[in-house]
Amino acid sequence: MTKKDLDDDDSVLSFSDEPGETTAKSMTSATGTGSETLSDSDVLKSSLTDGKHAMCFRFLLLGVLVVVAVVVTTFLYFYLSNSEQADFEDHFESESDKVFSAIGRTLDQRMGNADAYMYRAVSYSMAVGKQWPYAVQADHCVQSSKLLMQIKSFVIQYFPYIATKEDRLKWENFVPENRWWVEECLDVQEQDPNFHGPILREYDLVDIIFNSTGLMPEDAPGPFMPNWLVHPVIPYWTPYNWNAVVYEEYRVPLLAAMDSLSVVYTPLINYAPPDDPARIASAATTNGWAKDFIDNEDDPSEPLSAMYYPVHDAVKNVVVNSTKGVNALGVLAFNFYWRHVMEEILAEGSPGVTAVFKNECGNQSFSYLIKGSEPSFLGHIDAHDGEYESMCQSRPLFDLSNLDGRYSGRPINAEFCPFEVTLCPTQEMEGVFVTNNPTIYAVAAAFVFLFLITTIVFLLYAMEITRRQKITLAKALQARNIVNDVFPAIIRNRMLEQEQEANIGGYTSNKQRVKSFLNSGTGTEAGALGKPIADLYTSTTIMFADVAGFTPWSSTRDPGQVFTFLQTIYQGFDAIAHRRKVFKVETVGDCYVAVCGLPDANKRHAVVMAHFAQECLFKFNELTRKLEIQLGPDTGDMMLRIGLNSGPCTAGVLRGDRARFQLFGNTVNLASRMESHGLPNKIHLSKATADLLVKEGKGTWITPNQATVHVKGKGVQETFWLVPTSKYVVSTASVRSQDTSEGKASRKTTRLIEWNVQVLSNLLKPVVARRNAVQAAQKNNRLSSKKGDLRLEGAKSGRRPLDEVQDVLKLPTFDDKAASLELDPQTIALEPIVIEQLRRLVTEISKLYHDNPFHNFEHASHVASSVSKLLKRIVAPDIEVSNDEGAALGLHDYSYGITGDPLTQFAVVLSALIHDVDHRGVSNMQLGKEQPDLADHYNNKSLAEQNSVDIAWELLMRNEYRELRACIYGDSEEDMRRFRKIVVAVVLATDIFDKELNDLRKGRWTKAFSKDPLEDDSSRKDFKATIVIEHLIQASDVSHTMQHWHVYRKWNERLFLEMYHAYKEGRMGKDPATFWAAGEIGFFDNYIIPLAAKLKECNVFGVSSDEYLNYALENREEWARKGEGIVEDLKKKYTAIENEGSSSSQMLSALVESADDLDDISV
C-alpha cells in the first residue's frame, strides 16, 4: 500500500484525493449512499403528491381487479373446456384400445381354428402313412361345415402345392379315387339348416388340372396349385382341380404365404377402381355367386378378402416359432367379409368410432362405423372426420395379432400388401363430452367476481395504505442506520442538533435533517458548511492492517476474484470489530483502519485493540486458506501486516461532496508507520502501545524489536512485537514460517492440486450441460453420457503429436435449439467418482513434474490460472454483444465459437496444466543431446512438448479414468478426437522456438486477420479461434512478464536460477549471466510486447489485453533500470547456496525457496 499523503503531511490522515475526484484506492465512502439520499425539495415534492398518487392508485387498482376478473373468467372457461376435451380424448383412447384388442382377438380366433383344422388334416395323412394331400378324412365335410360357422366364412378350400410334372401325374391318378367327398359334402349341405346356397347335383368332374381356358398341357412345367376339398360345393363350375397359380392375383399371395410360412390377407377381391372395366366385371361376378352363400340381409358388395393359411408338415409341435426345417405343403384359403371382424365390439349406445382400413396394393381404402354390436359400412373411401386428424390412432394389422400371447399359430405376413387399421373419433362421441357448460360457468363466475370487486377494492386499498406507511417507516430507519454505521452516536447527535437549530421556525424530521446534512456542503466559502463537528480524544489506540503481497496477487486475478477476496476478509474483520466494540474507520484498497477509545472512551483501549489485532490476524489466515481453493494459487501465501499506536487524536466530520468521519494527528501517522515498518504475519507495536499493555499487566504479550526502525520525521523509534496468546498461536502462516522446505512444498502442492481440481470440475459442468442439451435437441433421450470406454491411443499408436498439428481447429457451429435447452451448469452435479478420478489425475500430473525452479507444477498451475482468467474475459466480455438471433449466438460469434464449446475451454486449461510434464529443466536442443532416443522418436522437433503430450495422454487413457473420460467427451468419438486435437495444438503452441511452427502461426494470423476473404465466414472464424487459443496459451505461459513487477521478478529469478544451475552442471553451453540482462530486454521487445499487442488485436480479451500490455511495458522499463544489478545479485545468491555444499536436489529446493522470498516483500 502506498501512503503518499502520510509521507507528505505528518499531521493529517487522508483517505481520498481532492473533492469531486474518485480514486482507484477508494474502497468505500463514508456514507456509501449519496445517490440514495433525498434533498429537502425531494421530500416536500413527495409529500405534496401523496394524495394524487393515492387517487391514481385507486383507479389503477380498480383496473387491475377488472383485468383479474377477465383473466380468472377466461382461465375458468379454458380450464373447463380443456377438462372436457381431456375426457373426450381419454374416452376415445379407451374405446380405441377395445377395438384394436377385439379385432386382434377375432383374427387370432379365426387363424387358430384354421391352424387346428390344418393340423387335423395333415396329422390324419401321416397317420394313414401318406403325405398330405394324398388322404381325405371321412368326416371332412362335417368338419368344414362347422369351421365355416366358427370363423364366419362362406367358402373354404385347399390349394395343395404340386411342384413338378411327376407330382402332377401322381395327383391326377389320386383324384379319381378320392373325389367321393363331393357328393358327401352336397349331402351335408342339404342337412345344414344354416346353408343358404343352391345345391345342384349335375356338374362336370374334371380329374385333370385345368384353368379357365381349358386343361393344362401335359408338358406344362409346374408348379400347380389346384383347388381341392372345396366347401360348400359351388355348382357353377367343376368343384376341384382349378389351377389358381395361373392367375397373378392368386399366385402372388399363395406363394407369399408358402414362402414365408405366414398368414396372408389378400387385397379386396370384390372391388375394382371405376376406370378398370375388366376388374369391375370380375368383382360383379364374385359378388353374384357370393350373394347365394351369405345371409339375405348381408350386402355382397361390402369389402371381401381371402385369408391364406400355410399348410406345413411340422404338426408334431404345438407351437412352431421358426421356418427352419418346416416344409410348406400348400395353402388353406377362406373367403370372409371384413364386417364380421368388427361385430360385437362396443356396447349398445356407444357413440362409436370410425375404422378405416387401408391396403398398399391397389391403394384400397374402406371404412366402417363401429357403433354397438353391428358395424355400418361407410363405403370404399377414407371416411374419417378430418377435424379429428390429430387424435386418430393407426396400427398395422399384423401388430394386432397375439396381443394376449395366447395365439400359437403362424404369424400374419408383414410384407405382402399389409393392411393398416386407423381409428378416429366421431362428432357424436365429441358431443357426449364437449358441451356448453364451460361458457355457462364462466359467465356465472364473471358476474360473481364483478360483484365482489367493490369489496375487494376497499380491502386492498386499506392494505396499500398500511404498506406505504411501513415503507416510509423503513426508509426512515434505513437513513438512521446509514448514519449510525458511518458516524459514532455522539457525532450523529451533534449533527442532528445543528440541523434542528438551523431549522427553528419549522418542523423537520430527524430523517430529513440527517439526509440534508450529509448532502449539504459543496461550496468552498468559509462558514458555508456550518459549524465544524470535531473533538480531541486523548486516549485511543489505532490499528492499520495491510495485506502483504496483495498487489502482485491481484495482478494475476480478474476483478471479481479481487473483490471476493477483499469483501470476505473485511466482512470477517467487521464482525470482530462489532463484537469487541472497536470502531471501523475506513478501508482503502487492501488497508483496514480501526480505532478503539473513540467515540466512546475505553480505559483498556490498548488491550482491546491487541485482542482485536490478534483475532483479525487469525481470521485472515483462516479465510485465506479457505479462499485458496476458490481463488487459486498463492492466495494462501498472502499475509497480514498490522501496526498499532496509542495516543491522542482528533476525529470529526470532514464535510464536502460526501460527509466523512476522519482521524487526524501524529498518533494516526505513527500507527501507519508501524504497519509499513512491520513484518508479514506480525503485529508491530509502538512504544506508547507497549507501555499501556505493560501498565495493564500484559507485559508478557510483548517482545522488543531488535531491528532499528527509522520513521520519517520521527527519527529512530523503539518498537515491539505483540506475542500471540495461546488462543491465536496456531495459524497457517505461523506454521508455514516453521516449516521445512520439503513440508512447505508438499503443503503447497496439495493446495495447488485442490485448486486445479476445483477449476477443472467447474469447467466440466458446462461440458456435461452442453452435451445433455445437444442430445435433448436431437431427441436422443440420453441426458447423461454413457459410461462407455471410448479411448484414443497416443504414443502407443506410433503417431507423433507434431504430425497431428493442423492449420485450423474446427469448432462446433452454434446450435440455437441446444442453447435454448441448456441448463445452468451450476445445477449440474458431477458424480463423486468423476471428482475422485479428476483429483487422482491432477495428483499424478503433479508427480510427473520434476523439482525444477521454473518448469514445475507450480508454474503449470500459474499458467492454468492465467488461461482461466483470459477465458473468463472471453466468456464474459466487457463490450455489449448483441445479435438478432439472440445474445447466445452474438457471444458465440464474438468469441469465434470458443464460448459455444465448453469442451474447448476445458481442454485448453487441462493443456496448460500438462504442457511442461516431465520437463528436464533444459532446452530442447540439450534434451536431444541427453536423450538421443527421444530425439530420434520425435525427429528433433519440439521434444519436450511432444513428450509432455504423450505422457499426459497415456495417463488419461488408463482404465482407472474411465468415468472421467466419459464425462469429458461422453460416447462421441468426434468429441474425443476434437479434444485430442485441441490438447496437441495447445501444448505444441508453447514451443515458441520452432521455426516451422512459428511460420504456420504467422500464416494463420495473416489468413484470419487480413482483409482478403476466406472461402466462407466459418473458415475465418475457425482460423481466428485457433489463433485466439494459441495466443491465449502463449501469453499465459509467459504471463509473469505481463503481471505485477514482483510476480515477474519471482518467476524471472526462478528461470535464471534453473538455467544457471544447468550451466553449472554442464548442461548449458553458455553462462546465462552473460546475456540475461540484455536478453530480457530483447525478449520484451521482440516477443512479449508484440504478443501482448496481438492479444489486443484479437479483440476478445477485453481489458485484460490492455492490462497485460501495460504491465509488460512497465516491467520492461523497470528491468532496463535494474536488470544488471538484479543479475549480479542472483549470481551471488546462487554462489552462496552452492557454497553450502548441498546436493543437486537440495540446491534446487533452496533456489525455489529463495525465489519465493519475493512473495514476502511488502507491496
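Residues numbered from 1 in each chain as written. Predicted model: local features only at pLDDT ≥ 70, side-chain atom pairs only at ≥ 80, totals over all residues. Heavy atoms only, no water.

- As recorded in an unreviewed UniProt entry, the protein chain goes by Receptor-type guanylate cyclase gcy and comes from Seminavis robusta.

**So, the side chain of E1118**
In step 1: On the secondary structure map, E1118 appears in helix 34 (residues 1103–1139).
In step 2: With relative accessibility at 15%, the residue E1118 sits in the buried group.
In step 3: A polar side-chain atom of E1118 sits 2.2 Å from a polar atom in the side chain of R1121.
In step 4: Look past the residues within four positions of E1118 in its chain and what remains in contact with it is W1045 and G1123. (Helix = DSSP H or I, 4+ residues; strand = E, 2+ residues; numbered from the N terminus. Buried < 20%, exposed > 50% of the residue type's maximum accessible area, 1.4 Å probe, protein only. Polar contact = N/O pair within 3.5 Å; in protein donor to acceptor, adjacent residues only side chain to side chain. Contact = heavy atoms within 4.5 Å.)

**Considering the sheet that holds strand 1 (residues 155–160)**
In step 1: Across the sheet, 5 strands lie side by side as 4-1-7-6-5; this open sheet has antiparallel pairing. Either end of the sheet is taken by a strand with one partner, and the two such strands are strand 4 (228–231) and strand 5 (264–265).
In step 2: In this structure, strand 6 (residues 304–312) lies alongside strand 7 (residues 328–337), joined through 9 bridges in antiparallel fashion. When the bridges of strand 7 are listed, P310 appears paired with V331. (Pairing = 2+ DSSP bridges.)

**Regarding the nonpolar core**
In step 1: Counting residues in hydrophobic clusters, the biggest one holds 107 residues, and the most contacted among them are I845 and F979.
In step 2: With residues up to four places along the chain from it excluded, the contact list for I845 reads F857, L910, L913, I914, V917 and L955.
In step 3: Listed in part, the 73 residues of the second largest apolar core include Y134, V188, L329 and W338. (Core = buried A, V, L, I, M, F, W, Y, C linked by side-chain atoms within 4.5 Å.)

**Some thoughts on the packing of helix 4 (residues 140–151) against helix 6 (residues 181–191)**
In step 1: Interaxial distance between helix 4 and helix 6 falls to 9 Å at its minimum, and their mutual angle equals 50°. By the angle between their axes, helix 4 is oblique relative to helix 6. Helix 6 is crossed by helix 4, and the crossing has right-handed handedness. Together, H140, C141, V142 and S145 of helix 4 and W181, E184, C185 and V188 of helix 6 make up the contact between the two elements.
In step 2: By residue class, the composition of the contact of helix 4 with helix 6 is 5 nonpolar, 2 polar and 1 charged. (Axes fitted to C-alpha atoms, helices over the stretch in contact; angles between N-to-C directions. Parallel < 35°, antiparallel > 145°, perpendicular 65-115°, else oblique. Left-handed = near helix turned anticlockwise from the far one by under 90°. Nonpolar A, V, L, I, M, F, W, Y, C, P; charged D, E, K, R; others polar.)

**Regarding a negative patch on the surface**
In step 1: Residues D87, E89, D90, E93 and D97 make up a contiguous surface patch of negative charge.
In step 2: Residue placement: E93 occurs in helix 3 (residues 50–127). (Patch = residues over 30% accessible without salt bridge, like charges linked within 9 Å, V, L, I, M, F, W, Y side chains within 5 Å. Areas by Shrake-Rupley, 256 points an atom, 1.4 Å probe, with all protein chains shown as cover. Salt bridge = Lys/Arg side-chain N within 4 Å of Asp/Glu carboxyl O. Lys, Arg positive; Asp, Glu negative; His and termini not counted. Charge placed at Lys NZ, Arg CZ, Asp CG, Glu CD.)

**Quick word on the environment of V182**
In step 1: One can find V182 in helix 6.
In step 2: What makes V182 buried here is its relative accessible area of 1%.
In step 3: With sequence-adjacent residues up to four places away left out, V182 is seen in contact with Y203, V233, P239 and Y240.

**Things to note about the packing of aromatic side chains**
Pairs of aromatic rings are described using the distance from one ring centre to the other and the angle between the two planes.
In step 1: Tallying each qualifying case throughout the model produces 46 aromatic pairs.
In step 2: Between Y134 and F174, the ring centres sit 5.4 Å apart and the planes meet at 80°, which makes this aromatic pair edge-to-face. Residue Y134 is located in the loop between helix 3 and helix 4, and its partner F174 is located in helix 5 (residues 165–174); the two are separated by 40 residues in the primary sequence.
In step 3: Of the residues examined, F174 reaches a relative accessible area of 8% and is grouped as buried.
In step 4: Aromatic rings pair up to connect Y265, F336, W338, F357, F366, Y368, F377 and F419 into one cluster.
In step 5: If you follow R168 out to its NZ or CZ, it ends over the ring of F224, 5.3 Å from the centre.
In step 6: Residue placement shows K682 over the ring face of W721; its charged tip is 5.0 Å from the ring centre. (Phe/Tyr/Trp six-rings, centres within 6.5 Å; stacked < 30°, edge-to-face > 60°. Lys NZ or Arg CZ within 6 Å of the ring centre and 35° of its normal.)

**Examining the pattern of salt bridges**
In step 1: According to the stated counting rule, one finds 41 salt bridges in the structure shown.
In step 2: In this structure, E696 and R604 form a salt bridge, with 3.8 Å as the shortest nitrogen-oxygen distance. Of this pair, E696 sits in the loop between helix 17 (687–695) and strand 19 (702–704) while R604 sits in the loop between strand 15 (591–596) and helix 15 (605–631), and the two are 92 residues apart along the sequence.
In step 3: The exposure class assigned to E696 is partly exposed, which follows from its relative accessible area of 33%.
In step 4: Since its relative accessible area comes to 38%, R604 is described here as partly exposed.
In step 5: Overlapping salt bridges, with partners in common, bring together E628, D637, K748, R751, E858, K1050 and R1054 in one network.

**Section: the state of the cysteines**
In step 1: Counted under the stated rule, the structure contains 3 disulfides.
In step 2: Here C361 connects covalently by a disulfide to C417, the sulfurs 1.6 Å from one another. Judged by the torsion about the S-S bond (-85°), the C361/C417 disulfide is left-handed. Placement of C361 in the loop between strand 8 (353–359) and strand 9 (364–371) and of C417 in the loop between strand 11 (393–396) and strand 12 (419–425) is noted, with a sequence separation of 56 residues between them.
In step 3: Its relative accessible area of 25% is what places C361 among the partly exposed residues. (Disulfide = S-S within 2.5 Å.)

**Digging into the confidence of the model for the protein chain**
Low-pLDDT portions of the prediction should not be read for the details of their coordinates.
In step 1: Looking at the protein chain, pLDDT values average 80 and 81% of them are 70 or higher.
In step 2: Contacts from residues 1–44, a stretch scored under 50 in pLDDT, to residues over four places away or in other chains number 80 contacts.
In step 3: For the stretch residues 730–739, pLDDT sits under 50, and the model shows 19 contacts to residues farther than four places along the chain or on other chains. (pLDDT = per-residue confidence, 0-100.)

**Description of the packing of helix 21 (residues 832–848) against helix 28 (residues 962–969)**
In step 1: Where helix 21 meets helix 28, the closest approach of the two axes is 8 Å, and the angle between their N-to-C directions is 105°. Here helix 21 is positioned roughly perpendicular relative to helix 28, judged by the angle of their axes. Of the residues in helix 28, those touching helix 21 at I833, V834, Q837, L838 and L841 are R962, E963, L964 and C967.
In step 2: Residue classes in the contact of helix 21 with helix 28 are distributed as 6 nonpolar, 1 polar and 2 charged.

**Examining unusual backbone geometry**
In step 1: Residue P133 is bonded to the preceding W132 through a cis peptide linkage, with omega at 15°.
In step 2: Mapped onto the elements, P133 comes out in the loop between helix 3 and helix 4.
In step 3: Between G222 and the following residue, P223, the backbone shows a cis peptide bond with an omega angle of 0°.
In step 4: Looking at the element boundaries, P223 is found in the loop between strand 3 (214–215) and strand 4.
In step 5: One non-glycine residue, E344, lies in positive phi territory at about 55°.
In step 6: Here E344 shows up in the loop between strand 7 and strand 8.

**With respect to a nonpolar patch on the surface**
In step 1: A cluster of nonpolar side chains, namely L60, V64, V68 and V72, defines an oily patch on the protein surface of about 300 Å² accessible area.
In step 2: With respect to the helices, strands and loops of the structure, V72 is situated in helix 3.

**Describing the sheet that holds strand 12**
In step 1: The sheet built from 5 strands is open, its strands ordered 10-9-8-12-11 with antiparallel pairing. Each edge of the open sheet carries a strand with a single partner, namely strand 10 (374–379) and strand 11. Averaged over neighbouring strand pairs, the angle between their axes works out to 25° when direction is ignored.
In step 2: As defined by bridge partners, strand 11 adjoins strand 12 across 4 bridges and the pair is classed as antiparallel. Bridge pairing in strand 12 links Q393 to L423.

**Re the environment of C424**
In step 1: Considering the arrangement of structural elements, one finds C424 in strand 12.
In step 2: With 30 residues separating them in the primary sequence, C424 and S394 have C-alpha atoms 8.9 Å apart.
In step 3: Excluding residues that lie within four positions of it along the chain, C424 makes contacts with F92, V353, T354, H384 and C392.

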